[in-house]
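# Structural overview for review
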Amino acid sequence: MSDKPSRLQAMRSEVNLGGGQKRIDRQHEKGKLTARERLELLYDPGSFMETDTFVTHRASGFGMEVSHPLGDGVVTGWGKVDGHIVYAYAQDFTVLGGSLGEAHGLKIARLMDLALQNGAPLVGLNDSGGARIQEGVDSLAAYGEIFYRNARASGIIPQISVILGPCAGGAVYSPAITDFIFMVERTAHMFITGPEVVRAVTHETVDFDSLGGAAVHAGRSGVAHFTAKDERTVLRSVRRLLSFLPDNNLVQPPDQAPGDDAQRATPELEQLVPVDPQKAYDVHAVIRCLIDNGDFMEVQKQHAPNLVVGFARLDGHVVGVVSNQPAHLAGVLDIDAADKGGRFIRFCDAFHIPLVTLVDTPGFLPGVEQEYGGIIRHGAKMIYAYAEASVPKVSLILRKAYGGAYIVMSSKHLHGDLNFALPNAEIAVMGPEGAVNIIFRKELASASTPDAVRQEHIREYREKFTNPYTAAARGYLNDVISPAETRMRLIAALESLRNKRQAAPARKHGNIPL
Ligand code: HXC
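Since the structure is predicted, the reported quantities are computational estimates derived from the model, not experimental observations. (Residues numbered from 1 in each chain as written. Predicted model: local features only at pLDDT ≥ 70, side-chain atom pairs only at ≥ 80, totals over all residues. Heavy atoms only, no water.)

### Remarks on the overall build of the chain
Put simply, the rule reads: Each helix corresponds to a stretch of at least 4 residues labelled H or I by DSSP, and each strand to a stretch of at least 2 residues labelled E; elements are numbered beginning at the N terminus. Taken over C-alpha atoms, the radius of gyration is set against a globule rule of 2.2 Å times the number of residues to the power 0.38. Only protein chains enter the accessibility calculation, which uses a 1.4 Å probe. A residue is then buried if its area is under 20% of the maximum for its type, exposed if over 50%, and partly exposed in between. Contacts are residue-level and defined by heavy atoms, with any inter-residue pair within 4.5 Å sufficient. Shrake-Rupley sampling with a 1.4 Å probe provides the accessible areas, and residues are treated as covered by the protein chains on show and by no other component. Asp and Glu are treated as the negative residues and Lys and Arg as the positive ones, with His and the ends of the chain left uncounted. The atoms used to mark charge sites are NZ of Lys, CZ of Arg, CG of Asp and CD of Glu.
Scanning the chain from terminus to terminus reveals 21 helices and 17 strands. Taking 2.2 N^0.38 as the reference for a compact globule, 514 residues should give roughly 24 Å; the C-alpha atoms of the chain span a radius of gyration of 26 Å, in line with that estimate. On the principal axes, the C-alpha backbone points of the chain span a range of 100 × 55 × 45 Å. Every one of the 514 residues in the chain was classed for burial, and the buried ones make up 52%. Of the contacts formed within the chain by residues at least 6 apart in sequence, a portion of 73% connects residues at least 24 apart. With an accessible surface of roughly 23,600 Å², the chain has 55% of that area assigned to carbon and sulfur atoms. For the chain, the distance from the average site of its 53 positive side-chain charges to the average site of its 58 negative ones is 2 Å.

This is how it looks when you write it as structure tokens:
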């Protein structure tokens, strides 16, 4: 018998041990799993198939010539998630700190080529010291090859990045080009330059977590879309996200047995949305009441909470929900909300996910900070995204729809397909008080009883504008519907739009105001 099988066995054992037991133990001590343990959690049991298992680097110098770890610090391959093929790479921190050299980078690039060619999602599990210092420009070149492929695959296959350790320097830009970033609390960090460089250059003192931890990126920067307390939870969450996504841009998102009644009446909506336009309420309750089984996967929950976006199902079909959130800043649109909404809308449009928009907003947030920050440019992204989207677009005005925000939020004028309003909806250029103060300024200034005059004009204004019927009379709303019938009407609307086709004039690409 030849020794070939035993050689294979020995090589497989070696590759499975990554950087060795001591380094695996260190990884576990930090509360981290190994690359292979992570892949096992990501995939359906026993479905992972490895590729490029025995690839090694060809670098020399700085001690590289004495060690050629099999696999070169990254495990690549495919497996199944709920029966669907998904490609994934997992950087192995136990091998040269998961650093990315030429062979490591090209392994990832080849995997990306396979995912793109075969129309399957790509998941990257990142845990790396960044560019492999010993390999110099070859490391940088390999990063460039990955970035190029991330950009080319964008809008064709879903791309998901999971940050499970360090992700620093230019390395952050591969995740940043992908569709969704998950970060695990405590052990994941993303930054362009670490705390020491920050201290040297700007004299700011900051630790790893405050500079680039999960909380910072999920909240302030908006770089991360999802966070979780540990790796098991984060990988479960990745599987859940994938359950809403199609394999690629040529197929539909996966339907599921609804497990909820398409004809279910939703009278509770009447209580959930207060009549008083000044009263705040949590729109999550409205969303949960309308969708199948209250099952909502919110995206960027902590960032710009004045706009809620996420995935749900209506009668078993995936939808993207975009909603103002009156519980936060009264549901205004601001810079962060516009960026968040614009990006989510474009993702849904790229992957055939119909948009359901819930409107309750007093308008754009006024202020010097917003103007200086470019609310004009950022707000334009959301208009652009809605106007550009050719997926079915259904909207429901819950209560307030004022000013530019009325137009932005999937209005008929941006070619929303079916637009509905609840009976208490108010559609106007602005709220009654502000409007009366402007248009009756002179009269109020000279009136002997300005308050009484103001109240009379407010009453008049309310009567004319604080109802949905003027807009309905113009055909800007397709119908005014009762709270109880809302779920079934949304489902019926989406059903009527299921085969929507909308051709766009040929062009290379548009020029979204980035
Ligand atoms: C080569 C590296 C490495 C790297 C870590 N290692 N980073 N080897 N290139 N970039 C090795 C270490 O030498 C060590 O090897 C092992 O990985 C584990 O590292 P430790 O430092 O022991 O681990 P830990 O204490 O957990 O610290 C992790 C770390 C730290 C925070 C990531 O290693 C670190 O700061 N590394 C450098 C990070 C960095 O500056 N990278 C370049 C970023 S710029 P042994 O053999 O001792 O186990 C960049 C540009 C990309 O990436 C540009 C793209 C366009």
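### Re helix α3 (residues 35-42)
Two residues of an α-helix separated by three or four positions point the same way, owing to the 3.6 residues in each turn. Rules: The reported arc concerns the directions from the helix axis to the C-beta atoms and nothing else.
Three or more residues of α3 are buried, namely Ala35, Arg36, Arg38, Leu39 and Leu42. Down the axis of α3, the buried side of the element spans an arc of 155 degrees, and every buried residue falls inside it.

### Structural notes on the layout of surface pockets
Our working rule: Of the grid points, spaced at 1 Å and generated over the protein atoms alone, those admitting a 1.4 Å probe that cannot get out make up cavities, while open sets with protein on both sides within 12 Å along at least five of seven lines make up pockets; any residue with an atom within 4 Å of a point is treated as lining. Grid points are joined across faces, edges and corners, and a volume is the space filled by probe spheres set on the points. Charged residues are taken to be Asp, Glu, Lys and Arg, nonpolar residues to be Ala, Val, Leu, Ile, Met, Phe, Trp, Tyr, Cys and Pro, and polar residues to be all remaining types, Gly included.
What the second largest pocket holds in volume is close to 360 Å³. Residue lining of the second largest pocket: 24 residues in total, with Gly19, Arg23, Thr94, Val95 and Leu96 positioned closest to the centre. Looking at the lining of the second largest pocket, the elements with two or more residues in it are α1 (4-16), α2 (21-29) and β2 (74-81). It is α2 that provides the largest number of residues to the lining of the second largest pocket, a total of 3 residues. The residue makeup of the lining of the second largest pocket, split by class, is 8 nonpolar, 9 polar and 7 charged.

### Observations regarding the site of the ligand
For the record, the criterion: Nearness here has a simple test: a residue counts as near a molecule or strand if at least one of its heavy atoms is within 4 Å of that partner. Each polar contact in these results corresponds to two N or O atoms within 3.5 Å; when the atoms are within protein, one needs to be able to donate a hydrogen and the other to accept it, and residues that are neighboring in sequence are counted only if both atoms are side-chain atoms.
Among the 20 residues in the neighbourhood of the ligand, the closest are listed as Arg23, Lys30, Gly97, Gly129 and Ala131. In the environment of the ligand, a nitrogen atom lies 2.6 Å from a nitrogen or oxygen atom belonging to the backbone of Gly129. Within the backbone of Ala131, an N or O atom sits 2.8 Å from an oxygen atom of the ligand. Coverage of the ligand by the protein chains reaches 57% of its 1,000 Å² of free accessible surface. Taken together, the elements giving at least two residues each to the shell around the ligand come down to α2, α5 (137-153) and β6 (166-168).

### A few points about the side chain of His378
Positionally, His378 belongs in helix α15 (residues 375-388). Residue classification places His378 among the buried residues on the basis of a relative accessible area of 8%. Engagement of the side chain of His378 in a polar contact is seen with the backbone oxygen of Gly373, the distance being 3.5 Å.

### A closer look at empty space enclosed by the protein
In total, this model carries 4 cavities of 30 Å³ or more according to the counting rule given. When its volume is computed, the largest cavity comes out at roughly 90 Å³. Residue lining of the largest cavity: 15 residues in total, with Gln91, Leu100, Asn126, Tyr143 and Ala171 positioned closest to the centre. Of all the secondary structure elements, the ones that give two or more residues to the lining of the largest cavity are β3 (84-91), α5, β6 and α6 (173-177). At 3 residues, the largest contribution of residues to the lining of the largest cavity is made by β6.

### Here's the deal with a nonpolar patch on the surface
Formally: In this scheme, patches are assembled from residues that exceed 30% relative accessible area and form no salt bridge. Like charges are connected within 9 Å, while nonpolar side chains (Val, Leu, Ile, Met, Phe, Trp, Tyr) are connected within 5 Å. Salt bridge, as used here, is a side-chain nitrogen of Lys or Arg placed within 4 Å of a carboxyl oxygen of Asp or Glu.
Taken together, the side chains of Val429, Met430, Ile438 and Ile439 define a hydrophobic patch exposed on the protein surface, amounting to about 390 Å² of accessible area. Secondary-structure assignment places Ile438 in helix α17 (residues 432-439).

### Structural notes on the packing of aromatic side chains
Let me state the cut-off plainly: Aromatic rings from Phe, Tyr and Trp, with only the six-membered ring used for Trp, were paired whenever their centres fell within 6.5 Å, and each pair was classed as stacked if the ring planes differed by under 30 degrees, edge-to-face if by over 60, and tilted otherwise.
Inspection of every chain in the model, using the stated rule, returns 13 aromatic pairs. A centroid spacing of 4.9 Å and a plane angle of 40 degrees characterise the contact between Phe347 and Phe351, whose relative ring orientation is tilted. Judged by its relative accessible area of 7%, Phe347 falls in the buried class. Ring-pair connections join several aromatic residues into one group, and the members of that group are Phe180, Phe182, Phe226, Phe244, Phe311, Phe344, Phe347 and Phe351.

### Here's the deal with the nonpolar core
As a reminder of what qualifies: Only buried Ala, Val, Leu, Ile, Met, Phe, Trp, Tyr and Cys residues count toward a nonpolar core, and they belong to the same one when joined by side-chain atoms within 4.5 Å.
Counting residues in each nonpolar core, the largest one holds 87 residues, and the members touching the most others are Val123, Phe311, Val322 and Met382. The element contributing the most residues to this core is helix α13 (residues 335-350), with 6 residues. If you look at the next biggest cluster of nonpolar residues, it comprises 30 residues, including Ile291, Val308, Val321 and Leu422.

### Observations regarding the packing of α13 against α15
Spelled out, the test is: Only the contacting stretch of a helix is used when fitting its axis, a line to C-alpha atoms as for every element, and angles between N-to-C directions run 0 to 180 degrees. Working definition: roughly parallel below 35 degrees, roughly antiparallel above 145 degrees, roughly perpendicular at 65 to 115 degrees, and oblique for all remaining angles. Rotating anticlockwise by less than a right angle from the far helix to the near helix defines a left-handed crossing, while the corresponding clockwise rotation defines a right-handed one.
Axis separation between α13 and α15 bottoms out at 8 Å; the angle between their running directions is 20 degrees. With respect to each other, α13 and α15 are oriented roughly parallel. Crossing of α13 against α15: the hand is left-handed. In this structure, α13 contributes Ile335, Ala337, Ala338, Asp339, Gly341, Gly342, Ile345, Arg346 and Asp349 to the contact, and α15 contributes Ile375, His378, Gly379, Lys381, Met382, Tyr384, Ala385, Tyr386 and Glu388. The residue makeup of the contact of α13 with α15, split by class, is 9 nonpolar, 4 polar and 5 charged.

### With respect to the environment of Arg507
Looking at the secondary structure, you find Arg507 in the segment after α21 (486-496). Sequence-wise, Arg507 and Gly144 are 363 residues apart; in three dimensions their C-alpha atoms are separated by 27 Å.

### A closer look at the pattern of salt bridges
A side chain with one charge can pair with a side chain of the opposite charge if their charged atoms come near. Taken as a whole and judged by the stated rule, the model has 27 salt bridges. One salt bridge in this structure joins Arg36 and Glu50, with 2.8 Å as the shortest N-O distance. Of this pair, Arg36 sits in helix α3 while Glu50 sits in strand β1 (residues 49-51), placing them 14 residues apart in sequence. Residue classification places Glu50 among the partly exposed positions, given a relative accessible area of 25%. Arg38 is the salt-bridge partner of Asp127, the closest N and O atoms lying 3.0 Å from each other. Placement of Asp127 in the loop between β4 (122-126) and α5 and of Arg38 in helix α3 is noted, with a sequence separation of 89 residues between them. Residue classification places Arg38 among the buried positions, given a relative accessible area of 1%. One continuous salt-bridge network, built from bridges that share partners, spans Lys32, Arg38, Asp127 and Glu231.

### Some remarks on unusual backbone geometry
For Asp82, which is not glycine, the phi torsion reads 50 degrees and is therefore positive. Here the phi dihedral of Ala304 falls at roughly 45 degrees; this positive angle occurs in a residue that is not glycine. By the element assignment, Ala304 lies in the loop between β10 (297-299) and β11 (307-314). On the accessibility criterion, Ala304 (8% relative accessible area) is buried.

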